[in-house]
Amino acid sequence: MTERRFEGIGATPTLGVGAAVWYRPTDVTDLDEPPATDAVDSAAERERFEAAQADARAELEAERESTRDRVGDDEAEVFTAHLKFLEDPQIEAGIEEALDEGLPAPHAVKQAFAGPIEQFEGMDGMMAERADDLRDIRDRLLRLLTGTERTHLGSLPEGSVVLAELLTPSDTAQLDPEAITGIATMEGGRTAHAAIIARSLGIPAVVGIGEDLDGIDENTELVVDGEAGVVVADPDEETRQRAAESTQTPVIQEPVETADGQAVEVAANLGTPAEAPPAVDQGADGVGLFRTEFLFQDRSAAPDEAEQFEAYREVCATFADGAADGDDTGGPRVVVRTLDVGGDKPIDYLDLDPAENGFLGARGIRLSLDEHADLFESQLRALLRVAATDAGAGLAVMFPLVSTVEELEAALEQVERVADDLDNEGVEYAIPELGVMVETPASTYLAEAFAERVDFLSIGTNDLTQYIQSAQRDLDRMTDYQDPLAPAVLRAIDRTVTAGHAGGAWVGMCGEMAGDPDLTELLVGLGLDELSMSAVTIPDVKTRIREVDTESAEELAASVLEADTLATVQERL
Amino acid sequence: MERTLTVVPDDGLHARPAATFVETAGGFDADITVAAVDGNRPAVSADSMLGVTGLGVRGGDDVRLVAEGPDAEAALDALEVILSTPEDELDEMELP
């Protein structure tokens, strides 16, 4: 099928894709012939009108309130105007007169509005749009008077493009921007209230297309381009592709700074080397967390040094070739975390026990310094060798679950020993940047002592939340405790950043929290130097960082840190 | 009591400024009318949304307000504030 294009007036500078849903409200102005005037009980009709007017007032006040909450104060004022029209003395007088003539209430309303609507229609521009307001109010009254069911726009399936002859302000105020990906109407202009509200809700809209729009069937695939003012039905592959690209947040392929010029590194969390190229495509400055467990899982014996060397080198090479270089270590930074296993991540040949190696048992660095020192050694050998390659210039190594300075010193001694061995063997090596993953309450208290001994700290918010809140992360019943915005967790993060900087280390974050664009301002305000996340959220977070003003972000962080309850934290955000 | 003023909001007496104007006028006991100085339409009651928007007054136009009643002066003062405030500053104001 070839695509069809419908030209109109673009009302919102955005683009959406979805399936056509026709909105055809019942025509409430289509009234039966009025009965003979002497058959009408005027007093009863007057009461009927007054009841409808009171209901209309209540509806308008409710819609004004919900528009204020969902859209904004300015947009809600259209309902104030409608309330004023509803109670306009001139219109009320017209209705009174028609009721006196012996017309039933609906006919009286229709007759009283006819003159003013015609008067406004005859005027130009913005005045003509007041006629739309009057029709909207008249139809609201008629709907209430005739007991007509309201055609609801609020519960459409996700990905709906609403097609209509005209959308009134009250129709538009019901729209759910999460579900509706576009609006296209036959009538209306750029300054109509409906266009203004669509703009505020960020719904792509094209108005004033004319009667041709009627040629689009229900469920037709549509692209609504609010910038060009075009609706494309049954788009071909090329149009579809272009649309898909422009509906995503643009990728930013260079390091970003806040609006006031403070650099924040945005890195990717990776579970396998195969995830590296897509992360580069999303604009990752580097890798903030490369989990090495994939190399050890689902096999019968541990990988040897050569296999590990290849895997680590591959990720570094992918980034050295493609990524934006956000740091000053000579190549994009790639933080590799040494083996982090426990009873919840079974590995056959390691003989881990769910209780013995559970969340409060021997896991992470505790295993690497004890019964699995051999694996730790081969991992460090591979890493120090990669650090000496061209691609490995930005390599960094991070130790998981450190909770004492003794552990850290033991791990650092192991690095020294491995370096000595490689030196004696005449193998090329380099000592990479070294860091601690902060994920235990103990490590937040020792952050300064750690920072004095390593180059960086990276906060793992998933485990940190579990341990600070003493609520196991894989228990459904504990979900309420798992919010990293809990005041205790936020204060632990704040303490870690401050202590880390005091000890001379840079401080990053690699938990889920780092990838939530709604928290970017808070995290910048808390002073984090690097945020590492799933690659898909990188464009959104980079976009947000550019909008952040450091000073107001710091004020936000300070006010959030003062909050004693999760609810207050959420309120202040 | 009457007062002639130049309308500041770009959109003139429309939509939002008109709603605020009508609402404010309705809050006083005084009978208030408004007319466009250059227009040929008769003066309309200031508490009629239909009448006020129907004047077709735009930003920069002059209007004449006439108020009769015990609080006429206060009413004219309040309406003058609305007509001389740019639309984007209207929300920050505490209206009488």
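Residues numbered from 1 in each chain as written. Chains lettered and ligands numbered in written order. Predicted model: local features only at pLDDT ≥ 70, side-chain atom pairs only at ≥ 80, totals over all residues.

Let us look at the overall build of chain A. On a plain count of helices and strands, chain A comes out with 21 helices and 17 strands. The 573 residues of chain A split such that 47% are buried. Taking all contacts inside chain A whose residues are at least 6 apart in sequence as the whole, residues at least 24 apart take part in 68%. (Helix = DSSP H or I, 4+ residues; strand = E, 2+ residues; numbered from the N terminus. Buried ≥ 20, exposed ≤ 12 C-beta atoms within 10 Å, placed from the backbone. Contact = placed C-beta atoms within 7 Å.)

In this section: the interface of chain A and chain B. It is common to give the size of an interface as the accessible area that goes away when the parts come together. Taken together, the contact between chain A and chain B spans 18 residues of the former and 18 residues of the latter. Of all the secondary structure elements, the ones that give two or more residues to the side of chain A that touches chain B are helix 2 (73-86), helix 3 (89-100), helix 4 (105-121) and helix 5 (125-146) of chain A. Tallied by class, residues from the side of chain A that touches chain B come to nine nonpolar, three polar and six charged. (Nonpolar A, V, L, I, M, F, W, Y, C, P; charged D, E, K, R; others polar.)

Turning our eyes to something else, we now look at the nonpolar core. Membership of the largest hydrophobic core comes to 93 residues, with the highest contact counts inside it found for Val287(A), Val334(A), Leu383(A), Val436(A) and Leu457(A). Looking at which element gives the most residues to this core, the answer is helix 12 (residues 373-387) of chain A, with eight residues. Excluding anything up to four places from it in sequence, Val436(A) contacts Met398(A), Phe399(A), Val402(A), Leu408(A), Ser443(A), Phe450(A), Val454(A) and Leu457(A). Leu83(A), Ala233(A), Phe28(B) and Met49(B) belong to the second largest nonpolar core, which has 91 residues in total. (Core = buried A, V, L, I, M, F, W, Y, C linked by C-beta atoms within 7 Å.)

Residues and elements named next belong to chain B. Sheet architecture is open: four strands sit in the order 1-4-2-3, paired in antiparallel fashion. Since the sheet does not close on itself, it has two edges, and those belong to strand 1 (2-6) and strand 3 (44-45), each with one partner. Summarising the sheet, strand 1 and strand 4 (residues 62-68) pair through five bridges and their orientation is antiparallel. Residue pairing for strand 4: Glu 2 is matched across the bridge by Val 66. (Pairing = 2+ DSSP bridges.)

Residue and element names in this part refer to chain A. Where helix 1 (residues 42-70) contacts helix 2, the two axes come as close as 8 Å, and the packing angle between them is 170°. The orientation of helix 1 relative to helix 2 falls into the category roughly antiparallel. On helix 2, the residues touching Gln 53, Ala 56, Arg 57, Leu 60, Glu 63, Arg 64, Thr 67 and Arg 68 of helix 1 are Asp 73, Glu 75, Ala 76, Phe 79, Thr 80, His 82, Leu 83 and Leu 86. (Axes fitted to C-alpha atoms, helices over the stretch in contact; angles between N-to-C directions. Parallel < 35°, antiparallel > 145°, perpendicular 65-115°, else oblique.)

Pairing between sheet strands relies on hydrogen bonds along the backbone, with the strands arranged either parallel or antiparallel. Residue and element names in this part refer to chain A. Strands sit in the order 1-8-7-3-4-5-6-2 across an open sheet of eight strands; the sheet is mixed. On the outer flanks of this sheet lie strand 1 (4-7) and strand 2 (9-10), each paired with one strand and no other. Across five bridges, the pairing between strand 4 (residues 160-164) and strand 5 (residues 180-185) is parallel. Counted as the bridge partner of Ser 160 is Ile 180 from strand 5.

Turning to the pairing of strand 12 (residues 334-337) of chain A, a few remarks are in order. Residues and elements named next belong to chain A. Of the two faces of strand 12, the one lined by Val 334 and Val 336 and the one lined by Val 335 and Arg 337 are each fully buried. Sheet analysis places strand 11 (residues 286-291) next to strand 12, joined by three bridges and oriented parallel. The partner of Val 287 across the bridge, within strand 12, is Val 334. Relative to strand 13 (residues 395-399), strand 12 is paired through four bridges, and the arrangement is parallel.

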